[in-house]
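Okay, here's what each chain looks like letter by letter:
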Amino acid sequence: MPEGDTVWNTARSLDRLVGQTLTGSDFRVPQLATVDLTGRTVESSASRGKHLLLRLSGAVTLHSHLRMDGSWRVFAAGERWSGKPAHLIRVVLKTDRAAAVGYHLHELKLVPTTGEPALLGHLGPDLLGDDWDPGEAVRRLAADPDREIADALLDQRNLAGIGNLYKAELLFLQGIWPWTPVGRVATLPKLADLAHRLLTANKGRWTQSTTGSLRRGETTYVYGRRSMPCRRCGTLIRKQEQGERITYWCPTCQPEDLGR
Ligand SMILES: [Zn+2]
């Protein structure tokens, strides 16, 4: 699923449209079917957590969220759209030089640019934002000490940008059992700092790696590695549901009693 760095990368790919005037728009969602953005200039493209904000002249922002399966692809004018099947297209924005095609986007809406804070106000500090605030992230995480740490890390109101992959990898790297209550995690500042470093390291590339290797099959320690040997200790990696999500962990490197 898209994590903060994926969304950030997507915003950078949409930068290709900045400064260009839209020569056409085609919304394929009912609520925006009659909207025509022709003539508006793309002023900037930004990500906040997992939200994408495409700001247009006339002080309007096209908001989208990738959730698990959404994506934006930018193609040169005339280039074949080699993204996903056409029935997944939710919007097409065209300029003289390019076409931005949004597939399976969620929460697609047009808002006044001044309305962005209201749209995003619930988000915690953005791991990839210029204003990343680790102290505030730690404060928000610590505010609910009984919550399971894996769950707390995924909550975008605590800190914005962590998805399931980084959640699992962060907890492995810090040796924390995913069900540990937040109040028993002594290393919240380290965890926040590591999250920032991991996401930052993957900015600008589409392969997410927490191990330092970009080779297929070597990019994670525990995520996606059920029943495979731990890279550190050889114990078989476990996978289990935790709330509505899946958690991977090494029972040896992330023992249940740690932090008690
Ligand atoms: Zn291990």
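Here, the structure is the one placed above.
Because the structure is predicted, anything quoted here is derived from the model rather than measured.

## Considering the nonpolar core
One recurring pattern in soluble globular proteins: nonpolar side chains tend to sit buried together.
Now for step 1: Ranked by internal contacts, the top residues of the largest apolar core, which has 27 residues, are I149, L153, L159, I162, L188 and L191.
Now for step 2: Those elements that provide at least two residues to this core are α3 (134-142), α4 (149-154), α5 (164-173) and α6 (188-201).
Now for step 3: Among the elements that line this core, the one with the most residues is α6, at seven residues.
Now for step 4: Aside from chain neighbours lying at most four places away, what touches L191 is I149, L153, L170, L171, Q174 and I176.

## What to know about the pairing of strand β9 (residues 238-242)
Now for step 1: Direction of pairing for β9 relative to strand β10 (residues 245-249): antiparallel, over a ladder of five bridges. Residue pairing in the sheet places K239 in a bridge with Y248 of β10.
Now for step 2: Once β9 ends, the chain turns through two residues before running back antiparallel as β10, passing G243 with a positive phi of about 60°.

## Section: the environment of G19
Now for step 1: Here G19 is to be found in the loop between α1 (4-14) and β1 (24-27).
Now for step 2: Among the residues examined, G19 registers a relative accessible area of 56% and is labelled exposed.
Now for step 3: Between the C-alpha atom of G19 and that of E43, which follows or precedes it by 24 residues, the distance is 5.9 Å.
Now for step 4: Residues in contact with G19, not counting those within four places in the same chain, are T41 and V42.

## Focus: the packing of α5 against α6
Now for step 1: Interhelical geometry of α5 versus α6 gives an angle of 125° and a closest axis separation of 10 Å. Relative to α6, the element α5 is oriented oblique. At the point where α5 passes α6, the crossing takes the right-handed sense. Within the contact between the two elements, α5 uses Y166, L170, L171 and L173 and α6 uses L191, L194, A195, L198 and L199.
Now for step 2: Residues of the contact of α5 with α6, tallied by class, amount to nine nonpolar, no polar and no charged.

## Considering α1
One turn of the α-helix equals 3.6 residues, which is why residues spaced by three or four share an orientation.
Now for step 1: With nine of eleven residues buried, α1 is to be regarded as a mostly interior element.
Now for step 2: Those residues of α1 that sit buried are G4, D5, T6, V7, W8, N9, T10, A11 and L14.
Now for step 3: As for α1, its buried residues are in contact with β2 (42-48), β3 (51-56), β5 (71-76), β7 (98-103), α5 and α6.

## Describing the packing of α3 against α6
Any two packed helices are characterised by how steeply their axes cross, that is the angle between the axes, and by the distance between the axes.
Now for step 1: Packing of α3 against α6 brings their axes to within 9 Å, and their N-to-C directions diverge by 125°. When the axis of α3 is compared with that of α6, the two are oblique. As α3 runs across α6, the sense of the crossing is right-handed. Between α3 and α6, the contacting residues are V138, L141 and A142 on the first element and L188, P189 and A192 on the second.
Now for step 2: Of the residues that constitute the contact of α3 with α6, the class distribution is six nonpolar, no polar and no charged.

## A few points about unusual backbone geometry
Now for step 1: The phi dihedral of H104 is positive, around 50°, even though this residue is not glycine.
Now for step 2: Take H104: its relative accessible area is 23%, and that puts it in the partly exposed class.

## Let's talk about the sheet that holds β3
Now for step 1: One open sheet holds the four strands; their spatial order is β2-β3-β4-β8, and the pairing between them is antiparallel. With partners counted over all chains shown, the strands left at the sheet margins are β2 and β8 (106-112), one partner each. Taken pair by pair, the neighbouring strands of this sheet meet at an average axis angle of 15°, ignoring direction.
Now for step 2: Note that β2 and β3 share six bridges and pair antiparallel. The residue bridging S47 from the neighbouring strand is L52, located in β3.
Now for step 3: Contacting β2 and β3, α1 runs over the sheet at an angle of about 175° to β2.

## Here we look at the coordination of the zinc ion
Now for step 1: Note on the zinc ion: its protein donors are C230 (SG), C233 (SG), C250 (SG) and C253 (SG). The metal-donor distances range over 2.3 to 2.4 Å.
Now for step 2: Of note is the zinc ion, whose four donor atoms meet at the metal with angles of 101 to 114° in an arrangement that counts as tetrahedral.
Now for step 3: All donors to the zinc ion come from one chain, and their sequence spacing reads C-x2-C-x16-C-x2-C. Here the residue C230 occupies a position in the loop between α6 and β9, and C250 occupies one in the segment after β10, the gap between them amounting to 20 residues.
Now for step 4: A relative accessible area of 5% means that C230 is categorised as buried.
Now for step 5: The exposure class assigned to C250 is buried, which follows from its relative accessible area of 0%.

Rules used in this analysis
- Residues numbered from 1 in each chain as written.
- Predicted model: local features only at pLDDT ≥ 70, side-chain atom pairs only at ≥ 80, totals over all residues.
- Heavy atoms only, no water.
- Core = buried A, V, L, I, M, F, W, Y, C linked by side-chain atoms within 4.5 Å.
- Buried < 20%, exposed > 50% of the residue type's maximum accessible area, 1.4 Å probe, protein only.
- Helix = DSSP H or I, 4+ residues; strand = E, 2+ residues; numbered from the N terminus.
- Contact = heavy atoms within 4.5 Å.
- Pairing = 2+ DSSP bridges.
- Axes fitted to C-alpha atoms, helices over the stretch in contact; angles between N-to-C directions.
- Parallel < 35°, antiparallel > 145°, perpendicular 65-115°, else oblique.
- Left-handed = near helix turned anticlockwise from the far one by under 90°.
- Nonpolar A, V, L, I, M, F, W, Y, C, P; charged D, E, K, R; others polar.
- Donors = N, O, S within 2.8 Å, 3.2 Å for Na, K, Ca; no water.
- Tetrahedral: all angles 85-135°; square planar, octahedral: opposite > 155°, others 65-115°.

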